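Chain and residue survey
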Amino acid sequence: DSGVTQTPKHLITATGQRVTLRCSPRSGDLSVYWYQQSLDQGLQFLIQYYNGEERAKGNILERFSAQQFPDLHSELNLSSLELGDSALYFCVSSPGVRGYTFGSGTRLTVV
Amino acid sequence: DAKTTQPNSMESNEEEPVHLPCNHSTISGTDYIHWYRQLPSQGPEYVIHGLTSNVNNRMASLAIAEDRKSSTLILHRATLRDAAVYYCILMGGGSNYKLTFGKGTLLTVNP
């Protein structure tokens, strides 16, 4: 158990739908990163939050959004889903500078 | 982000040492060299990191070239559980401390 909790583990939904992925970071870690892993693109950085504020953006589509709440848990919202959004989505927890712990991921399948 | 170059795949026999190379000729003075690995069906996990000096931990050793343009991850006695994709990543302040993954090296360990 890495200490990073991601729910749900698996999600199957239809095109055009909206889903929310949830992440609880390790206790005491202020920073949360979201990554997408697909077969053709590998691991892609999406977005980072630090203590509730957006810190950096990567290859995140406009249809995707995220936020980090006062209790430091984070949610990644994916809307108007397309088949190509099917992937593993990882949450990464970090105390701030170094030391990154990945969650076990949410496998999203869009049908 | 500074790039790293790794072989696509390597093979080893169980209980033999494995040397996984990484080239990073454009590394800057403040970039740390990180290694992560991803076992099948799991999220990436931290292996080791270093700046200039060689580093050892319970999982592996990291040998860094004097000019820092290359590094080698050393697994002293490979086990079947070490079969994974190994990622060499440069991280520094300019990257906002996010991990930028390449394709990594797929390590196969033969019994």
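Described below are features of the structure shown in this document. (Residues numbered from 1 in each chain as written. Chains lettered and ligands numbered in written order. Predicted model: local features only at pLDDT ≥ 70, side-chain atom pairs only at ≥ 80, totals over all residues. Heavy atoms only, no water.)

Counting its regular elements, chain B contains 0 helices and 9 strands. Secondary structure of chain B in N-to-C order comes out as β-β-β-β-β-β-β-β-β. A globule of 111 residues ought to have a C-alpha radius of gyration of about 13 Å, and chain B, at 13 Å, matches this closely. For the C-alpha atoms alone, the extent of chain B along its principal axes is close to 40 × 30 × 25 Å. For chain B, buried positions account for 43% of its 111 residues. Within chain B, residue pairs in contact and separated by at least 24 positions form 56% of the contacts whose partners lie at least 6 positions apart. Accessible surface computed for chain B: about 5,700 Å², of which carbon and sulfur atoms make up 48%. If you average the places of the 9 positive and of the 10 negative side-chain charges in chain B, the two averages end up 7 Å apart. (Helix = DSSP H or I, 4+ residues; strand = E, 2+ residues; numbered from the N terminus. Rg over C-alpha atoms; globule rule 2.2 N^0.38 Å. Buried < 20%, exposed > 50% of the residue type's maximum accessible area, 1.4 Å probe, protein only. Contact = heavy atoms within 4.5 Å. Areas by Shrake-Rupley, 256 points an atom, 1.4 Å probe, with all protein chains shown as cover. Lys, Arg positive; Asp, Glu negative; His and termini not counted. Charge placed at Lys NZ, Arg CZ, Asp CG, Glu CD.)

Once that is clear, we can look at the pairing of strand E6 (residues 53-57) of chain A. Regular strands place side chains that alternate from one sheet face to the opposite one. Residues and elements named next belong to chain A. Two elements, strand E5 (residues 42-50) and E6, share 4 bridges in a ladder whose sense is antiparallel. The partner of tyrosine 49 across the bridge, within E6, is glutamate 54. Taken together, E5 and the strand that follows it, E6, pair antiparallel across an intervening segment of 2 residues, in which asparagine 51 is found at a positive phi of about 50°. (Pairing = 2+ DSSP bridges.)

Turning to the sheet that holds strand E6 (residues 61-64) of chain B, a few remarks are in order. Residues and elements named next belong to chain B. Spatially, the 4 strands line up as an open sheet ordered E2-E7-E6-E5, and their pairing is antiparallel. Among the strands making up the open sheet, the edge pair consists of strand E2 (18-23) and strand E5 (55-56). Pairing geometry for E5 and E6, over 2 bridges, is antiparallel. Its bridge partner lying in E6, valine 55 is registered against leucine 62.

Here we come to the state of the cysteines. Residues and elements named next belong to chain B. One pass over the structure, following the stated rule, counts 2 disulfides over all chains. Here cysteine 22 engages in a disulfide with cysteine 88; their sulfurs sit 2.1 Å apart. Note on the cysteine 22 and cysteine 88 pair: the S-S dihedral is about -80°, so by sign convention the disulfide is left-handed. In this pair, cysteine 22 is assigned in strand E2 and cysteine 88 in strand E8 (residues 84-91), connecting sequence segments 66 residues apart. (Disulfide = S-S within 2.5 Å.)

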